[in-house]
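This is what each chain is made of:
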Amino acid sequence: MATIELKQVEKKFGDAYAVKPMDLTIKDGEFIVLLGPSGCGKTTTLRMISGLETVTAGQIFLNDKNVTWRHPSERDIAFVFQFYALYPHLNVRDNIAFPLQAQHESQRVIQQRVREVVDLLRIEHLLNKRPGGLSGGDKQRVALARALVRRPAAFLMDEPLGALDADLRETMRAEIRALQLRLNVTTVYVTHDQIEAMAMGDRIVVMNTAVVQQIGTPTEVYYNPANLFVAKFIGSPGMNLVQGNCAEGVIHLPGGNQYPLPDGWKNSIARGEKVIIGFRPESAHVNPNGALKGEVYASDMHGSYAMLHVNMDGDNVVHLRADRETRYPIGSSIRFDIDAAMARFFNPQNELALRKN
Amino acid sequence: MASFAETGPGRPVVESIRVDKVSPGARVTGAVRAAVVLMIAFIMLLPIFVMVETAFKTRIDVASSPPKVFFQPTLEGFVFLFTERANVSPGRMEEFKQKAATGQMNFIDQIAFQSGQEITGPSQYVGRIINSLIIAGLSTVLSVVLGTMAGYAFSRFSLPGKDDLLFFILSTRMLPAVVVTIPLFLMYRQIGLHDTHLGMILLYTVFNLSFAVWLMKGFFDEIPREYEEAALVDGYSRMQTFWKIVLPQSLSGMAATTVFCLIFAWNEYAFALMMTSEAARTAPPSIPSMLGRGGIEWSAIAAGSLGFLIPVIIVVFALRKYLLRGVTFGAIRQ
Amino acid sequence: MATATAETSATKTQPRAQVTRRQLSDRAIMNLFIWPTLILLIAFNFFPLFYSLYLSFTNYVATSPKAPTWIGVENFANILTDPKLWEAFTTSGRYVLFSVALQTIVGFSLAMLVRGKFRGSGVVTTLILIPMMLSPVVVGLFWKLIYNPNFGFFNYIIPFINPADLDVIGSRLFDKPVPYLALAGVILVDVWMWSPFVMLLVLSGLNAIPDYLYEAAAIDRASSWFQFWHITLPQVMPLLLIAVLFRTIEALKSFDLVMGMTGGGPGNQTELIAVYLYRVAFLGQFRSGYASALAYIILIIVIAISNLYIRYLNKTKGEA
């Protein structure tokens with residue numbers, strides 16, 4: 001059981017920031033995801049928590065103990081690597097038993113724990129094999145077993161599913177999450193895949209270029225993104241963002257469109273200001289009498305629905321969900337509405353979300 | 001005193017490094033390691049340093065015991081190496097002394113005169129070096145060219161008994177030179193190739209060829225066939241694809257092979273010793289025989305060794321990127 | 001230009017038919033590229049080997065005008081019962097064993113020391129390679145000077161003795177003969193020359209080991225010994241073996257170094273196989289028949305070992 005706290009933790013390489021000073025409190029038993037594109041600092045943050053990377057400044061606390069400068073093996077954490085990091089010349093059983101042997105546990109305890117963990121992950125059939133001959137999914141299960149066997153206070157995982165095939169990823173995702181819930185172990189999980197983050201996390205820390213963009217539950221991050229980056233990064237596809245000018249209770253959008261300001265926003269957005277409106281594809285509805293119009297640019301079939309790419313004017317292509325029965329020929333004109341309750345607004349200058357008044 | 005685990009290192013860490021590697025213990029280990037490495041590097045280079053020093057010592061300095069570390073450098077060794085000298089006859093002694101005094105003697109002649117000798121012409125060694133240059137250079141070119149061609153063929157075409165052939169080719173390279181020279185010596189004597197440049201060039205070429213073929217085959221194996229296939233589909237002939245597409249990509253492999261062949265041919269001693277006597281003799285067998293010609297001419301030997309080393313160093317430095325690959329027979333990429 | 005109607009693939013099997021007169025067919029190219037090499041190799045390898053085989057059954061002496069006469073296996077019988085030959089074999093055996101073992105240990109240790117990149121490690125590595133690039137005969141000659149009791153510096157760094165008392169090349173200490181001293185001197189030089197080679201190979205193996213293995217070991221609190229034995233050593237082993245095999249074969253061939261340094265002496269203390277063979281074939285007696293027989297025996301031994309080496313090398317390259 002563990003709480004993890006980062007206080008003003010930062011990492012610099014020379015003069016460049018890899019992670020700008022950040023604060024983060026992780027509750028006991030929480031599954032927190034560090035999410036972001038390559039180079040955003042998420043892996044560096046994870047490695048700092050584990051001790052594989054030193055901090056340039058700031059402090060890291062595990063269960064209220066300052067572990068900032070403690071040896072990685074003294075932090076009561078287990079680390080799961082993207083490329084498994086299994087000892088190639090030991091068989092699976094010895095790989096799993098190893099962390100306990102290094103701590104000089106008794107043979108009885110070792111055997112018992114190994115058996116527990118092997119049962120949990122259903123890998124008995126692999127015990128005598130060497131890592132070299134295993135499939136990716138199996139290797140990852142072994143890596144998980146090795147991490148579990150120590151019963152650490154916290155799990156740290158660095159894109160563990162990154163090297164797996166897509167369908168295997170989905171299965172493993174569910175397995176890891178189920179495992180974590182069952183054992184109630186605090187977990188810090190790094191990924192660049194926002195679908196994974198949304199599916200697994202209790203809370204998500206969205207990062208970009210060394211800076212934390214938003215910390216929140218999947219719901220918060222999806223429905224109330226704190227800035228343009230989060231709005232665009234979360235969701236597939238990301239939130240539609242269109243810039244317009246605010247006039248008398250109405251926003252003038254490209255393509256000659258006008259969108260009436262919904263209630264509750266009238267005071268937040270001043271007249272004459274530029275504003276960005278954001279809406280997700282599923283909150284836009286095709287409606288022959290709709291307020292907004294555009295031209296169909298492309299349409300993808302997505303199984304139970306169609307995703308339309310609609311050109312509002314040249315530079316602004318938005319995505320709308322539509323039913324898959326109706327045909328929307330390319331080049332045809334289309335009208336649609338945006339659900340007022342789901343609309344969001346952003347300040348183009350500082351990219352932050354505006355608040356309802 | 002607060003421990004490292006509590007306070008961390010004194011100053012902010014701005015490089016990528018693990019927590020346990022910045023502890024004071026780790027820093028000390030790092031420093032000790034660096035010191036040991038430097039010490040070892042020094043020991044390794046000491047004999048070479050001795051050689052370089054000796055090349056610039058006078059005869060007297062060389063023969064001093066304990067060996068002198070500091071001394072007045074001179075080019076005596078080089079002069080002895082590259083020139084033939086004769087003792088100045090008493091009759092002409094005065095004439096020479098005068099020339100020396102009035103500064104009419106050039107600097108090389110002066111050195112010879114310091115030992116009471118005058119220069120009569122270039123020494124045998126000059127000719128030997130030239131032989132080395134010709135023989136090593138030409139044989140390297142030949143073995144690399146032929147090796148590239150054969151390596152390509154072995155790589156791209158299937159031949160009956162290919163693997164066995166390659167193995168046989170390679171294993172002959174593993175024999176002690178003496179084993180091979182016994183029959184070759186007799187053969188050469190019959191054909192009249194003994195002690196000829198052609199004979200030596202052919203011999204070195206063949207000896208290097210097995211390696212060159214094997215190395216180049218390995219390099220060609222690594223160039224994907226898709227390039228040639230695409231070119232052939234586009235209408236190029238086999239030969240054209242070889243010239244325009246495959247060969248340019250194999251240049252680094254050829255450089256590695258060249259380094260290897262050149263070092264061998266240049267430094268080769270055994271064959272040169274047994275298969276030549278005067279006309280085609282290269283430098284390596286000549287250097288030891290400078291011992292015991294009117295005294296032990298260590299400085300000349302050192303000068304010769306040094307001079308002999310320099311071309312190798314130049315070539316190796318120029319091709320240093322390919323050195324690793326060449327010297328380990330393609331086992332490692334850099 | 002070809003008007004290839006069918007897809008042409010970079011072929012392993014079917015030679016393409018000539019499409020236009022101006023192009024060379026695959027077969028022609030193959031022949032053109034291979035035959036010069038094959039001819040040279042046949043002339044210089046096959047031919048001498050058969051000639052040599054023939055000679056080994058004769059009593060031919062190269063300096064006498066007499067033609068070779070067949071004496072059957074007499075040469076071989078003499079060889080196998082010649083005590084001097086067995087001495088040469090044991091001397092070579094000792095040389096190979098100690099030389100390769102020491103080179104491996106020193107080279108490996110050096111690689112472990114140098115592996116952490118520090119400033120100038122590239123330069124140092126290049127410098128350490130210089131001994132390898134020298135002509136062995138020159139190196140031997142040089143160390144002859146270094147070992148010289150009067151003007152060489154080696155004796156000055158040996159503690160507890162007066163420099164003039166030790167003569168490595170002459171194999172004497174305090175004017176009494178010391179067995180194997182000269183051989184040890186030769187071995188030392190060989191180790192000096194070739195440890196960098198081992199270092200190089202091992203170093204490239206070390207650098208290929210992924211960091212995350214060591215990181216996992218750090219988190220698991222694995223001891224340094226465990227990390228060495230289970231992570232470092234297995235990854236480096238293939239390259240180490242290549243180095244050992246190669247150096248073994250080369251050590252068996254060793255000739256130049258000894259010739260430059262001791263000439264095989266004192267007596268026959270440093271008379272390696274190749275040196276012994278040289279003395280028999282080219283110095284003094286020129287007993288070509290006898291020497292050929294000896295050469296053949298050596299040939300077979302070397303081919304057996306190099307067979308191992310090449311197979312192993314190919315296997316490693318296949319995995320690379």
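Every residue gets a number counted from 1 within its own chain, in the order that chain's sequence is written. Numbering of ligands from 1 and lettering of chains from A proceed in the order in which they are written. Reporting in this predicted model follows two pLDDT cut-offs: at least 70 for local features of residues, and 80 or more for side-chain atom pairs to be given and counted; totals over whole chains, interfaces and linings ignore these cut-offs and use all residues.

K.L.:
I tried to follow the overall build of chain B on my own but got confused; where do I start?
P.N.:
Numbering of helices and strands runs from the N terminus; a helix is a DSSP stretch of H or I covering at least four residues, while a strand is a stretch of E covering at least two. The number of helices and strands found in chain B is 17 helices and 2 strands. Scaling as 2.2 N^0.38, a compact globule of 334 residues should have a C-alpha radius of gyration of about 20 Å, whereas chain B reaches 28 Å, well beyond that. With the C-alpha coordinates of chain B rotated into their principal frame, the extents come out at 85 × 85 × 40 Å. The proportion of buried residues among the 334 residues of chain B is 47%. Every radius of gyration here is taken over C-alpha atoms, with the globule rule written as 2.2 Å times N^0.38, N being the number of residues. Each residue is classified by how many other C-beta atoms fall within 10 Å of its C-beta atom, where C-beta atoms are placed from the backbone; a count of 20 or more means buried, 12 or fewer means exposed, and values in between mean partly exposed.

K.L.:
What am I meant to see in the overall build of chain A here?
P.N.:
When its secondary structure is counted, chain A shows 8 helices and 20 strands. If you line up chain A on its principal axes, its C-alpha atoms span 75 × 45 × 35 Å. Counting every position in chain A, which comprises 357 residues, the buried fraction comes to 43%. Residue pairs are scored as contacts if the distance between their C-beta atoms, which are placed from the backbone, is within 7 Å. The long-range share in chain A, meaning contacts at least 24 apart out of those at least 6 apart in sequence, stands at 64%.

K.L.:
Please clarify how the domain arrangement of chain B should be interpreted in this entry.
P.N.:
Residue and element names in this part refer to chain B. Just so you know, the domain bounds were taken from an automatic or database domain assignment. Considered domain by domain, chain B is made up of domain 1 (4-9 + 17-55), domain 2 (76-122) and domain 3 (125-327). Here the C-alpha centre of domain 3 lies 38 Å away from the C-alpha centre of domain 1. With 4 residues of domain 1 at the contact, the number on the domain 3 side is 6 residues. A class-by-class count of the residues in the side of domain 1 that touches domain 3 yields 3 nonpolar, 1 polar and no charged. Each residue gets one label: Ala, Val, Leu, Ile, Met, Phe, Trp, Tyr, Cys and Pro are nonpolar, Asp, Glu, Lys and Arg are charged, and the others, such as Gly, are polar.

K.L.:
Even after reading the chapter, I still don't get the interface of chain B and chain A, so can you show me in this structure?
P.N.:
It is common to give the size of an interface as the accessible area lost on bringing the parts into contact. Contacts between the two partners involve 13 residues from chain B and, on the opposite side, 14 residues from chain A. Here the side of chain B that touches chain A is built from residues that sort into 8 nonpolar, 2 polar and 3 charged.

K.L.:
Quick question: what am I supposed to make of the sheet that holds strand β18 (residues 316-323) of chain A here?
P.N.:
Within a sheet, neighbouring strands are paired by backbone hydrogen bonds and run either parallel or antiparallel to one another. Residues and elements named next belong to chain A. Between any two strands, at least two bridges found by DSSP are needed for them to pair. Across the sheet, 5 strands lie side by side as β15-β19-β16-β17-β18; this open sheet has antiparallel pairing. Either end of the sheet is taken by a strand with one partner, and the two such strands are β15 (284-286) and β18. Sheet twist, expressed as the mean angle between neighbouring strand axes with direction ignored, is 50°. Here 8 bridges tie strand β17 (residues 305-313) to β18, and the two strands are oriented antiparallel to one another. Each residue of the ladder has a partner; that of N311, found in β18, is V317. In this description, a line fitted to the C-alpha atoms serves as the axis of each element, helices being fitted only across the stretch in contact, and the angle between N-to-C directions of two axes falls anywhere from 0 to 180 degrees.

K.L.:
Even after reading the chapter, I still don't get the sheet that holds strand β2 (residues 172-173) of chain C, so can you show me in this structure?
P.N.:
All names here are of chain C. Spatially, β1-β2-β3 is the arrangement adopted by the 3 strands of the open sheet, whose pairing is antiparallel. Each edge of the open sheet carries a strand with a single partner, namely β1 (166-167) and β3 (176-177). Alignment of β1 against β2, held across 2 bridges, turns out to be antiparallel. Considered in β2, the bridge of D167 is made with R172.

K.L.:
Whenever I open this one, the packing of helix α7 (residues 124-156) of chain B against helix α13 (residues 251-267) of chain B confuses me. Can you help?
P.N.:
The description of two helices packed together rests on the angle between their axes and the distance between the axes. Residue and element names in this part refer to chain B. With their axes 9 Å apart at the nearest point, α7 and α13 run at an angle of 145° to one another. Like other packed secondary-structure pairs, α7 and α13 cross with a definite hand, here right-handed. In this structure, α7 uses S132, A136, S139, T140, S143, V144, G147 and T148 to contact α13, whose residues at the interface are M254, T257, T258, C261, L262, A265 and W266. Taken together, the residues of the contact of α7 with α13 break down into 7 nonpolar, 8 polar and no charged. Rotating anticlockwise by less than a right angle from the far helix to the near helix defines a left-handed crossing, while the corresponding clockwise rotation defines a right-handed one.

K.L.:
Would you mind showing me how to read helix α7 (residues 181-207) of chain C here?
P.N.:
Every α-helical turn comprises 3.6 residues, leaving residues that sit three or four positions apart pointing alike. All names here are of chain C. In this analysis, the expected span of each helix is defined as 1.5 Å times one less than the number of residues it contains. For α7, spanning 27 residues, the distance from its first C-alpha to its last is 38 Å, which sits close to the expected 39 Å at 1.5 Å a residue. Most pronounced at W194, the bend in α7 amounts to some 40°, and the proline P196 follows within four residues. Here α7 lies mainly inside the structure; 21 of its 27 residues are buried. Here the bend at each residue means the angle between axes fitted to two seven-residue stretches, the one ending at that residue and the one beginning there.

K.L.:
Is there a simple way to think about the interface of chain C and chain B in this case?
P.N.:
On the chain B side, the residues contacting the 85 residues of chain C number 81 residues. If you tally residues by element for the side of chain C that touches chain B, the top one is helix α1 (residues 26-56) of chain C, at 15 residues. Residue composition of the side of chain C that touches chain B, grouped by class: 60 nonpolar, 19 polar and 6 charged.

K.L.:
Would you take a moment to explain the environment of W298(B) for this structure?
P.N.:
In this fold, W298(B) is placed in helix α16 (residues 298-318). Since 25 C-beta atoms lie within 10 Å of it, W298(B) is described here as buried. Linking W298(B) and Y269(B), residues 29 residues apart in sequence, is a C-alpha distance of 19 Å. The contacts of W298(B), once residues within four sequence positions are left out, are T54(B), V62(B) and L145(C).

K.L.:
Help me understand the environment of T209(A), please; the structure alone is not making it clear to me.
P.N.:
Along the chain, T209(A) turns up in the loop between β9 (203-208) and β10 (211-216). Residue classification places T209(A) among the partly exposed residues on the basis of 14 C-beta atoms within 10 Å.

K.L.:
What exactly am I supposed to notice about the nonpolar core here?
P.N.:
Burial of nonpolar side chains together is a common tendency in soluble globular proteins. Formed by 163 residues in total, the largest nonpolar core has its most connected members in V178(B) and L277(C). Formed by 103 residues, the second largest nonpolar core is a distinct cluster that contains I234(A), F279(A), V318(A) and I231(C). To form a nonpolar core, buried Ala, Val, Leu, Ile, Met, Phe, Trp, Tyr and Cys residues must be joined through C-beta atoms within 7 Å.

K.L.:
Just checking my understanding: could you explain the packing of α7(B) against α1(C) for this structure?
P.N.:
It is the contact of α7(B) with α1(C), at a shortest axis distance of 8 Å, that shows an interaxial angle of 125°. Accordingly, the angle class assigned to the pair α7(B) and α1(C) is oblique. Of the two elements, α7(B) crosses α1(C), and the hand of that crossing is left-handed. Across the interface between the two elements, L146(B), M149(B), A150(B), Y152(B) and A153(B) of α7(B) pack against M30(C), F33(C), I34(C), P36(C) and T37(C) of α1(C). The scheme is simple: roughly parallel for angles under 35 degrees, roughly antiparallel for over 145, roughly perpendicular for 65 to 115, oblique for anything else.

K.L.:
Mind showing me how you'd approach the pairing of strand β8 (residues 186-191) of chain A here?
P.N.:
Regular strands place their side chains on alternate faces of the sheet. Residues and elements named next belong to chain A. β8 sits mainly inside the fold: 6 of its 6 residues count as buried. In this structure, strand β3 (residues 31-35) lies alongside β8, joined through 5 bridges in parallel fashion. For L35, the partnering residue across the bridge sits in β8 and is T191. Judged from the 5 bridges that link them, strand β7 (residues 154-158) and β8 form a sheet pairing that is parallel. The residue of β8 that forms the bridge with M157 is Y189. Seen with its strands pointing away from the viewer, a crossover is right-handed when the path leading from the first strand over the helix to the second is clockwise. Between the parallel elements β7 and β8, the chain passes through helix α5 (residues 166-183) in a crossover that is right-handed.

K.L.:
When you look at the confidence of the model for chain B in this model, what are you seeing that I'm missing?
P.N.:
Low-confidence regions, as indicated by low pLDDT, have predicted coordinates that should not be scrutinised in detail. Residue and element names in this part refer to chain B. Here chain B averages 81 in pLDDT, and 93% of its residues register 70 or above. pLDDT measures the predictor's confidence residue by residue and takes values from 0 up to 100. For chain B, per-element mean pLDDT is lowest for helix α17 (residues 320-327), which scores 67, and highest for α7, which scores 90. Interface confidence in the predicted complex, given as ipTM, is 0.85; pTM for the same model is 0.80.

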